[in-house]
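# Close look at the chain arrangement
Letter by letter, the chains look like this.
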Amino acid sequence: MTYFADLSSRQVAALASDARVPVLLLPVGAVEPHGPHAPLGTDPLISRGMCERAAARLAGDASVHVLILPEVPYGVTRFAAGFAGGISIGEETLHALLTDICGALVEQGLSRILLVNNHFEPAHLAVLRRVAETAGVGLVDLVRRRYAARLTDEFRSGECHAGQYETSLVLADRPDLVDVTIQRELRPVHVDLARGGVTDFASAGMTDAYCGTPAQATAEEGEKTFSVLADILVEAIRELV
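Being a predicted model, the structure only gives us computed values, none of them experimental.

The subject of this paragraph is the environment of leucine 139. Locating leucine 139 in the fold gives a position in strand β4 (residues 138–140). Distance from leucine 139 to leucine 115, taken between C-alpha atoms, is 4.6 Å for residues 24 residues apart in sequence. Discounting chain neighbours no more than four positions away, the residues touching leucine 139 are Leu114, Leu115, Leu128, Arg129 and Ala132.

The next thing to look at is the nonpolar core. Of all hydrophobic cores here, the largest spans 37 residues; its most connected members are Leu25, Val140, Leu142, Phe155, Leu229, Leu233 and Ile237. Per-element accounting of this core gives the leading share, seven residues, to helix α10 (residues 219–240). Among residues more than four places away in sequence, those in contact with valine 140 are Met50, Leu114, Leu115, Val116, Asn117, Tyr147, Ile232, Leu233 and Ala236. Membership of the second largest hydrophobic core comes to 25 residues, among which are Phe4, Val12, Leu15 and Leu105.

In this section: the pairing of strand β1 (residues 21–28). The buried fraction of β1 is high, at seven of eight residues. Summarising the sheet, β1 and strand β3 (residues 113–117) pair through five bridges and their orientation is parallel. When the sheet's bridge partners are listed, valine 28 is paired in β3 with asparagine 117.

Okay, the pairing of β3 next. Judged by how many residues are buried, β3 sits mostly within the fold: five of five residues are covered. Sheet topology note: the β3/β4 ladder contains three bridges and is parallel. Counted as the bridge partner of leucine 114 is glycine 138 from β4. Following the chain from β3 across helix α4 (residues 122–135) to the adjacent parallel β4, one finds a crossover that is right-handed.

Evaluation of the coordinates by the stated rule reveals four aromatic pairs. Judged by centre distance (6.5 Å) and plane angle (55°), the rings of phenylalanine 83 and phenylalanine 201 are tilted. Of the two residues, phenylalanine 83 is situated in the loop between β2 (64–68) and α3 (91–106) and phenylalanine 201 in helix α9 (residues 201–204); the sequence distance between them amounts to 118 residues. Residue classification places phenylalanine 83 among the partly exposed positions, given a relative accessible area of 23%. For phenylalanine 201, a relative accessible area of 2% corresponds to the buried category. Seen in terms of ring centroids, phenylalanine 120 and phenylalanine 155 are 5.5 Å apart; in terms of plane orientation they differ by 85°. Their pairing is edge-to-face. With a gap of 35 residues between them, phenylalanine 120 in the loop between β3 and α4 and phenylalanine 155 in helix α6 (residues 153–157) connect regions that are remote in the sequence. Take phenylalanine 155: its relative accessible area is 6%, and that puts it in the buried class.

Our next topic: unusual backbone geometry. In the Ramachandran plot, alanine 162 falls in the positive-phi region, its phi being about 65° despite a non-glycine side chain. Among the secondary structure elements, alanine 162 is positioned in the loop between α6 and α7 (164–173). The backbone phi angle of alanine 209 is positive, close to 60°, even though this residue is not glycine. On the secondary structure map, alanine 209 appears in the loop between α9 and α10. Judged by relative accessible area, alanine 209 falls into the buried class, the value being 1%.

Applying the stated criterion to the full structure yields 14 salt bridges. Measuring nitrogen to oxygen at the nearest pair gives 3.0 Å for the salt bridge that ties arginine 53 to aspartate 173. Here the residue arginine 53 occupies a position in helix α2 (residues 42–57), and aspartate 173 occupies one in helix α7, the gap between them amounting to 120 residues. Among the residues examined, aspartate 173 registers a relative accessible area of 21% and is labelled partly exposed. Note that glutamate 235 is salt-bridged to arginine 150, the shortest N-O span being 2.9 Å.

The next point concerns the environment of alanine 132. Assignment of secondary structure puts alanine 132 in helix α4. With relative accessibility at 15%, the residue alanine 132 sits in the buried group. C-alpha separation for the pair alanine 132 and alanine 55, spaced 77 residues apart in sequence, amounts to 21 Å. The contact partners of alanine 132, leaving out residues within four places of it in the chain, are Val137 and Leu139.

Analysis parameters
Residues numbered from 1 in each chain as written. Predicted model: local features only at pLDDT ≥ 70, side-chain atom pairs only at ≥ 80, totals over all residues. Heavy atoms only, no water. Helix = DSSP H or I, 4+ residues; strand = E, 2+ residues; numbered from the N terminus. Contact = heavy atoms within 4.5 Å. Core = buried A, V, L, I, M, F, W, Y, C linked by side-chain atoms within 4.5 Å. Buried < 20%, exposed > 50% of the residue type's maximum accessible area, 1.4 Å probe, protein only. Pairing = 2+ DSSP bridges. Right-handed = clockwise from strand over helix to strand, strands pointing away. Phe/Tyr/Trp six-rings, centres within 6.5 Å; stacked < 30°, edge-to-face > 60°. Salt bridge = Lys/Arg side-chain N within 4 Å of Asp/Glu carboxyl O.

Now the structure itself:
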C-alpha cells in the first residue's frame, strides 16, 4: 500500500518490525488562484503527484517503504489577496498544524518524514523551514539552488505561478482541470516573484493571478518535469534513510 491513511492500525504498528525503513511523505501546498485556466489546488496537486511518482519508483525497494500521508492543502497565501478562491492561514496556524502532525508520528516511532512542498510564497516557505528544524523532519525545498538548477528555465526565472511550468504539470496529471481554450490565449506576463518587494499578485502586475507563459504549457513538458521532481524526491528519501 502507498497511502498511509489506507492502512489499518495493526498495519501501522507492524511497520516497526518491517525490514524496510518506513519513510512518510507529507504533501503540502496552498489553495489559491492560478490564473483563469488552472485549478485552485494546483500546488497540492503537484506535491501529491511528485510523491506518487517517487513512491511508485521505490515500490519494489528492499530497504525502504514509502508511504504518502494525507496532504495539507492549506498554506500562507497572502499574495493571492483580492482574487476569489484563495484560502490563507496564518504562519503560526500552519506551524502548529505541521509540527503536531509530525510529532504524533514521531511519538509512534515514525520519525523519517519528508515535507514535500510546491507553494513558494516566502512566508509559507519560512514556516516549512522552521518546522523542518524544530520537528527534526526533512524538507524538499525546491527553490534551493541544488534543486532549482535541475528544473525549467521558467521555474528558475521566478515567473512560474500558473505559467508554463505549473500548467504543464497539471496537464500531465489532471488535464481535465485545465481550461485549455483559455490557456492557449493567455499572453505572457513577466513578473519575477522571486525578487524582493512583491507583496501581492495584483500590485506586481499579475492582474489575472498568473505569470510566465501558460500558453506554451504541454503535458509532455509536465511529464518530463515530474520525472525530474521524482528523481529529486527519491534522492531526498535515500538521504533521509
